[in-house]
Amino acid sequence: MDAIFSQLSAEFRKFMEPELIRPWTINLLYGHKLFGIAFSQILGWGFILGVLIYLIFPRQRRLQFFLTMMISFWLIFDLRLNYDIYKNYLTAKAELQKGIYFTIEDFYPFLDYINEKIAIAPVNKIYYVGQHWPYENILQYYLLPHKVVGNIREADYLVLYRFPFHIEGDRKIVSEKGVICEQCEWIGMFRPGCNLFKVNKIS
Amino acid sequence: MILFLTFLLFQILVTNIGVGILRAISFIKRDDIESLAIGYLIGAVAFSFYIFLILIAGGSLSSLSVGMFFIVGTGGTVYLIGKRGAKNYLSQECFLPFKISDGWKKTSTIQKGLISLMGVFICFKLFLGLWFIFNAPAYFDDAITHWNIRAKNIYFEKFLNFNPENKEMSFLGGSIFHYPFFLVTYKAGLSLFIGQWHEGYANIFHFITFIILIMIFFLKSYEYSEGNIFITTVFTFMAASAPLAFFHSFTAHGDMITGIFFVLSLIYLVDYIRKNEMKELILSGIFLFGATFTKNEGLVLIFSSISLTAIIFAFLWKDWRLLIPSTIAFALLLPHNLMRLFYNLRLNPIADDSIGYHKHTVKIFSIVMTEWGHSNILWYIVPAILILFLRYAIQKKEIKFTFVALFLVGVLIFFTFGFTASFTDNFKNQMAVNRTLMMYSFSLVYFLMMLTNTKRIKK
């Protein structure tokens, strides 16, 4: 009996695990499963069973019965979804205080830091080195009107995000793959791994 | 505070101009909440289209160009109000054209409980959606790369760059420039008006449009069900609780907006069929344009289906006025379509032109529609209601029309994802299919509402 109860309890805990916001959440929600069966399938077939009962229901109250039954199944699904939405809200609220938003760690406050350090005018060109997706797109968007360029020679600033490097001599930034910047002046480090440099143009 | 007041002023001016346009096409039945709600959307479409025209004419996004819109628009609206009177404007009837308490008394206790639960769930979603708008950073990739970055580029660059060689400016707004401009020029213009790019104020349009969807569903369901509060709430709630819609209400994607324009276009086209009033057709045309000017799916799936359905029934019923919405949308979309032809902008920039059936299409559709968590049980309800109610309803003209239009949209969705390169780029990897189905779901819920209320529909 205990084994059955603990199995049921484990199944329920798994069912109640929230589906947190991920980069694909805007495209799809996987939903939840109970005993290996999709929750929407369980409710969907429950509704179909309800339709069969509806067919034997007295004709006068049929529509009211049908709609009450239909929306009850819909509400059960929505209740489970709302629990996920609430968990997402709590997670976001707690994490944002630390500058984290779901899968993106400390990048947003780093962008705020860059925006503080770089004057809004004139428009500057920024070269980014770090994990490409989705960070470069977010950087490009948040730092507007400054432009992100694909070549260090065009850049006014260099942003290094969680990318191993060392400084050779006075101002040469080097990684395992080679030289990133010949003449870069270190402006500051927001957190370990979040570095901003001013690129000195070599005439 | 100043920022908020400026934002509020922008919304009031846009709504005012939208209501002015409604007056110009004589839609004002009452100066009620429906007019204010759709007036807001019409004003937004007009504003976005105006900014787009200014930009493609080589003009700049400036205080002068934005100011001109509001001066002329507000002047026109004030003139129309002066000419036709402002009866009931901002009166009690404006906000609730009916008494909910009458319907409430006739509702059973179980239904009252369910209505309360649905109301709480809607409020819960709206409250948290609003929280995310003003607290969450830009996160979903398409919201950045496809939509907001183009608006932000135009806001800062002030002009539309037509030269792809010019690296100092973004070509046609930059990034995914193949997409239409509704949200792009609207947000660029709004940001100029409020004096800065503000993530929350730029994205709140999506949230307000979601509220308008809820309002219009409530009003239409109330009308169809002849004041039955339970039926009204059921269909309003179904439209408001499409699972993906919550996430789209606070992020900058165009899918939900396209879906809302689609259902509004359909609602007013159906209203024309029911009431035979020309003004409903003009309204339907404006919203059809809104759908096509927001996303390419609006052109491929919605415009083509509504137009083909209108052509079929125009011949069958010898009612050529049915072609008016498509004609309006086509005419308004002409500048963007000419631009599309001139720059060879593809409808789907990432897919090639290959055509052919992809096996597993049916299986994937079956899984995403019946097993995953983004559709609730909609895809169980749709066939059940069709089987149970369609045979009683199909003799109604508006049911025939809506059925054919939605059937065609469904066929086109199946064809697009099952027969074109979208299978690999947007379907197999789940990138777009569920968003497209959400876009479709608002209109389906409206159709289900019509079907279950057939006996009540007044001619």
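Here, the structure is the one placed above.
Quick caveat, the model's predicted, so the values are computed rather than measured.

Caption draft 1: Here's a closer look at the overall build of chain B. In terms of helices and strands, chain B carries 20 helices and 0 strands. Along the first, second and third principal axes, the C-alpha atoms of chain B reach 65 × 60 × 50 Å. By residue count, 63% of the 459 residues in chain B fall in the buried class. Taking the contacts inside chain B whose residues are at least 6 apart along the sequence as the reference set, 80% of them involve residues at least 24 apart. Both charge centroids of chain B, one from 37 positive and one from 24 negative side chains, sit 8 Å from each other.

Caption draft 2: View of helix α20 (residues 433-452) of chain B. Residues and elements named next belong to chain B. Its 20 residues place the ends of α20 28 Å apart at the C-alpha level, agreeing with the 28 Å of an ideal helix rising 1.5 Å per residue. Along its length, α20 reaches its greatest deviation from straightness, about 30°, at Ser441. Counted residue by residue, α20 has 20 buried out of 20 residues, so it is predominantly covered.

Caption draft 3: Region of interest: the interface of chain B and chain A. Each side of the interface is counted separately: chain B has 67 residues, and chain A has 60 residues. Buried surface at the junction of chain B and chain A, both sides included, amounts to about 5,900 Å², of which 72% is carbon and sulfur. Per-residue buried area on chain B facing chain A is highest for Tyr139, Asn376 and Tyr380 of chain B; these three make up 13% of the total on that side. At the boundary of chain B with chain A, the tally comes to 2 salt bridges. A salt bridge links Lys125 of chain B to Asp78 of chain A, with the nearest nitrogen and oxygen atoms 2.7 Å apart. Taken together, chain B and chain A are joined by 25 residue pairs in polar contact (both at pLDDT 80 or more). Where the side of chain B that touches chain A is concerned, the elements lending two or more residues are α6 (109-135), α7 (141-157), α10 (229-240), α11 (243-248), α17 (378-393) and α20 of chain B. At 12 residues, α6 of chain B tops the list of elements feeding residues into the side of chain B that touches chain A. Counted by class, the side of chain B that touches chain A contains 39 nonpolar, 19 polar and 9 charged residues.

Caption draft 4: Examining the sheet that holds strand β10 (residues 194-199) of chain A more closely. All names here are of chain A. Pairing is mixed across the open sheet formed by 5 strands, whose spatial order is β4-β3-β5-β10-β9. Taken across any chain shown, the strands that pair with only one partner, and hence form the sheet edges, are β4 (147-149) and β9 (184-189). Strand after strand, the sheet turns through a mean of 30° between neighbouring axes, direction not considered. As paired strands, strand β3 (residues 125-130) and β4 are joined by 3 bridges and run parallel to one another. Bridged to Tyr127 within β4 is Val149.

Caption draft 5: Region of interest: the environment of Ser375 of chain B. Position of Ser375 of chain B among the secondary structure elements: in the loop between α16 (361-370) and α17. You can call Ser375 of chain B buried: its relative accessible area is 9%. Between the alpha carbons of Ser375 of chain B and Ala138 of chain B there is a distance of 25 Å; along the sequence they are 237 residues apart. For Ser375 of chain B, the contacting residues outside a window of four places in its chain are Trp74 of chain A together with Pro243, Val368 and Met369 of chain B. A distance of 3.4 Å separates polar atoms of two side chains, one belonging to Ser375 of chain B and the other to Trp379 of chain B.

Caption draft 6: Seen up close, the pattern of salt bridges. Residues and elements named next belong to chain A. A full pass over the atoms with the stated rule returns 18 salt bridges over all chains. With its nearest N and O atoms 3.8 Å apart, the salt bridge here joins Arg162 to Glu105. Within this pair, whereas Arg162 is found in the loop between β5 (157-161) and β6 (166-168), its partner Glu105 is found in the loop between α3 (62-96) and α4 (107-117), the two being separated by 57 residues in sequence. Here Arg162 falls in the partly exposed class, since its relative accessible area comes to 44%. In this structure, Asp106 engages Arg191 in a salt bridge whose closest nitrogen and oxygen atoms are separated by 3.9 Å. Remark: Arg191 occurs in the loop between β9 and β10 and Asp106 occurs in the loop between α3 and α4; sequence separation between them is 85 residues.

Caption draft 7: Looking closely at the environment of Lys220 of chain B. All names here are of chain B. As for its position among the elements, Lys220 is in helix α9 (residues 199-224). According to the relative accessible area criterion, Lys220 is buried, its value standing at 1%. A sequence separation of 78 residues divides Lys220 from Asp142, and the C-alpha atoms of the two residues are 33 Å apart.

Conventions used here
Within each chain, residue numbers correspond to sequence positions counted from 1 in written order. Each chain takes a letter, starting from A, and each ligand takes a number, starting from 1, following the order in which they are written. Selection of residues for local features in this predicted model requires a pLDDT of at least 70, selection of side-chain atom pairs for listing and counting requires 80 or more, and totals for whole chains, interfaces and linings are taken over all residues. Hydrogens and water are ignored here; the side-chain numbers use all heavy atoms of the structure. A run of H or I in DSSP counts as a helix once it spans at least four residues, and a run of E counts as a strand once it spans at least two, with each numbered from the N terminus. Relative accessibility under 20% of the residue-type maximum defines a buried residue, over 50% an exposed one, and the middle range a partly exposed one, all with a 1.4 Å probe and only protein chains included. Every residue pair with non-hydrogen atoms within 4.5 Å of one another is taken to be in contact. The charge count includes Lys and Arg as positive and Asp and Glu as negative, but it does not include His or the ends of the chains. Think of each charge as sitting on NZ of Lys, CZ of Arg, CG of Asp or CD of Glu. Take the number of residues in a helix, subtract one, and multiply by 1.5 Å to get its expected span. Note that bend, as reported per residue, equals the angle between axes fitted to the 7 residues terminating at that residue and the 7 residues originating from it. When two parts are brought into contact, each loses some accessible area as probed by a 1.4 Å sphere; the total of that loss over both is the buried area. Salt bridge, as used here: a side-chain nitrogen of Lys or Arg that lies within 4 Å of a carboxyl oxygen of Asp or Glu. What qualifies as a polar contact is a pair of N or O atoms within 3.5 Å, subject to a donor-acceptor requirement within protein and to the restriction that residues adjacent in sequence count only when both atoms come from side chains. Each residue receives one of three labels: charged for Asp, Glu, Lys and Arg, nonpolar for Ala, Val, Leu, Ile, Met, Phe, Trp, Tyr, Cys and Pro, and polar for the others, Gly being one of them. Pairing between strands is defined by DSSP: at least two bridges between them are needed. Angular values range over 0 to 180 degrees, each being the angle between N-to-C directions of two axes fitted as lines to C-alpha atoms, with helices fitted over their stretch in contact.

By themselves these figures say nothing about function.
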